[in-house]
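As a plain string of letters, each chain reads:
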Amino acid sequence: VPNIILTPMCHPNIKLGPPSATAQELSTFLKDVVHASGCLNLTDLCPVPNRVAWVLYIDVVCLDHDGNLRDAAIAALIAALNSLRLPQVTFDEELEQISVSKSKSKLKILCNPVCCSYSVFHLESSEITSEENTLLADPTYAEEEVANSEISFVILEKGEICVTHQTGDRPIPQTSMQQAIALATSQAAHIRKALKDLL
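Residues numbered from 1 in each chain as written. Predicted model: local features only at pLDDT ≥ 70, side-chain atom pairs only at ≥ 80, totals over all residues. Heavy atoms only, no water.

*Asks:* Just checking my understanding: could you explain the overall build of the chain for this structure?
*Replies:* Counting secondary structure elements, the chain contains four helices and eight strands. When the helices and strands of the chain are read in sequence order from the N terminus, they spell out β-α-β-α-β-β-β-β-α-β-β-α. When the backbone C-alpha atoms are referred to their principal axes, the chain occupies close to 80 × 40 × 30 Å. Counting the 199 residues in the chain, one finds 39% classified as buried. (Helix = DSSP H or I, 4+ residues; strand = E, 2+ residues; numbered from the N terminus. Buried < 20%, exposed > 50% of the residue type's maximum accessible area, 1.4 Å probe, protein only.)

Okay, here's the thing in structure tokens:
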């Protein structure tokens, strides 16, 4: 159960109270990535089939919201799953008792999805009166606020895109979309290597 927590400490525009629309949207995005990527085999969370199952609560707490929360949240989610150790569970059928041992085992992670996000700026060319699109990788909060659109790609190890997310007031032209996909595929390899080095 992934959840993102945005507190007033992380940005002046975030107020106390129930989760904001942004926090709810990001939590849904994290859930979609976990399911669409297939990074977890849910049967691995059942140490005793038809009897016991682990429920994973993944709370991503934002300390400083300076933009590009999707990329940071997915990186934090994958780092947390890779470092997770679950206690060994056994079930005594005669006594119908569950016992939890002190020894722990690593949860098997099937893949490590990486998110790459871009802000899209639609610029009008004065010479030809045509429109050009500029992509900006890893946008800050201020850049996200003035961008016309945003696009995020969640990419698996072999380069497959498992989730996309787009916001904004205009569609992104096909040429800009292809450029963003090519950049995201290249950038994902660097992010994945950095995560691997940390873990």
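*Asks:* Would you explain the pattern of salt bridges in this entry?
*Replies:* Pairs may arise between side chains of opposite charge once their charged atoms sit close together. The tally for this structure, following the rule as stated, stands at two salt bridges. Residue Glu25 is joined to Arg70 by a salt bridge in which the shortest nitrogen-to-oxygen separation is 2.3 Å. Of this pair, Glu25 sits in helix 1 (residues 21-37) while Arg70 is found in helix 2 (residues 69-83), placing the two residues 45 residues apart along the sequence. On the accessibility criterion, Arg70 (10% relative accessible area) is buried. In this structure, Lys193 engages Asp197 in a salt bridge whose closest nitrogen and oxygen atoms are separated by 3.2 Å. Taken together, the residues Lys193 and Asp197, both in helix 4 (residues 174-198) and four residues apart, mark about one turn of the helix. For Lys193, a relative accessible area of 53% translates into the label exposed. Classification of Asp197 by relative accessible area gives exposed; the value is 56%. (Salt bridge = Lys/Arg side-chain N within 4 Å of Asp/Glu carboxyl O.)

*Asks:* Would you mind going over the side chain of Ser117 with me for this structure?
*Replies:* Its place among the elements puts Ser117 in strand 5 (residues 114-124). Its relative accessible area of 5% is what places Ser117 among the buried residues. At a separation of 2.6 Å, a polar atom in the side chain of Ser117 contacts the side chain of Ser152. (Polar contact = N/O pair within 3.5 Å; in protein donor to acceptor, adjacent residues only side chain to side chain.)

*Asks:* Hey, could you run me through a negative patch on the surface in this one?
*Replies:* Judged by side-chain charge, Asp92, Glu93, Glu94 and Glu96 come together as a negatively charged surface patch. If you trace the backbone, Glu93 turns up in the loop between strand 3 (85-92) and strand 4 (97-106). (Patch = residues over 30% accessible without salt bridge, like charges linked within 9 Å, V, L, I, M, F, W, Y side chains within 5 Å. Areas by Shrake-Rupley, 256 points an atom, 1.4 Å probe, with all protein chains shown as cover. Lys, Arg positive; Asp, Glu negative; His and termini not counted. Charge placed at Lys NZ, Arg CZ, Asp CG, Glu CD.)

*Asks:* So what exactly am I meant to see when it comes to the nonpolar core here?
*Replies:* The nonpolar side chains of a soluble globular protein tend to be buried with one another. The biggest cluster of nonpolar side chains holds 31 residues, and the ones touching the most others in it are Ile4, Leu6, Leu40, Ile74 and Leu81. Of all elements in the fold, only strand 1 (2-6), helix 1, strand 2 (58-62) and helix 2 reach the threshold of two or more residues within this core. Residues in contact with Leu6, not counting those within four places in the same chain, are Ile14, Ser20, Thr22, Ala23, Cys62 and Leu69. Among the nonpolar cores identified, the runner-up in size contains twelve residues, and Leu135, Phe153, Ile155 and Ala184 belong to it. (Core = buried A, V, L, I, M, F, W, Y, C linked by side-chain atoms within 4.5 Å. Contact = heavy atoms within 4.5 Å.)

*Asks:* Please explain helix 2 as it appears in this structure.
*Replies:* Residues three or four positions apart in an α-helix share a direction because the helix packs 3.6 residues into each turn. For helix 2, with 15 residues, the first-to-last C-alpha span of 21 Å sits near the 21 Å given by 1.5 Å per residue. Those residues of helix 2 not exposed but buried are Leu69, Arg70, Asp71, Ala73, Ile74, Leu77, Ile78, Leu81 and Asn82. (Expected span 1.5 Å × (residues − 1).)

*Asks:* I tried to follow unusual backbone geometry on my own but got confused; where do I start?
*Replies:* Peptide bonds are trans in most cases, and residues, glycine excluded, mostly fall at negative phi. At Asn68, a residue that is not glycine, the phi angle is positive and equals roughly 55°. For Asn68, a relative accessible area of 5% corresponds to the buried category. Here the phi dihedral of Asp138 falls at roughly 50°; this positive angle occurs in a residue that is not glycine. Looking at the element boundaries, Asp138 is found in the loop between strand 6 (131-137) and helix 3 (141-146).

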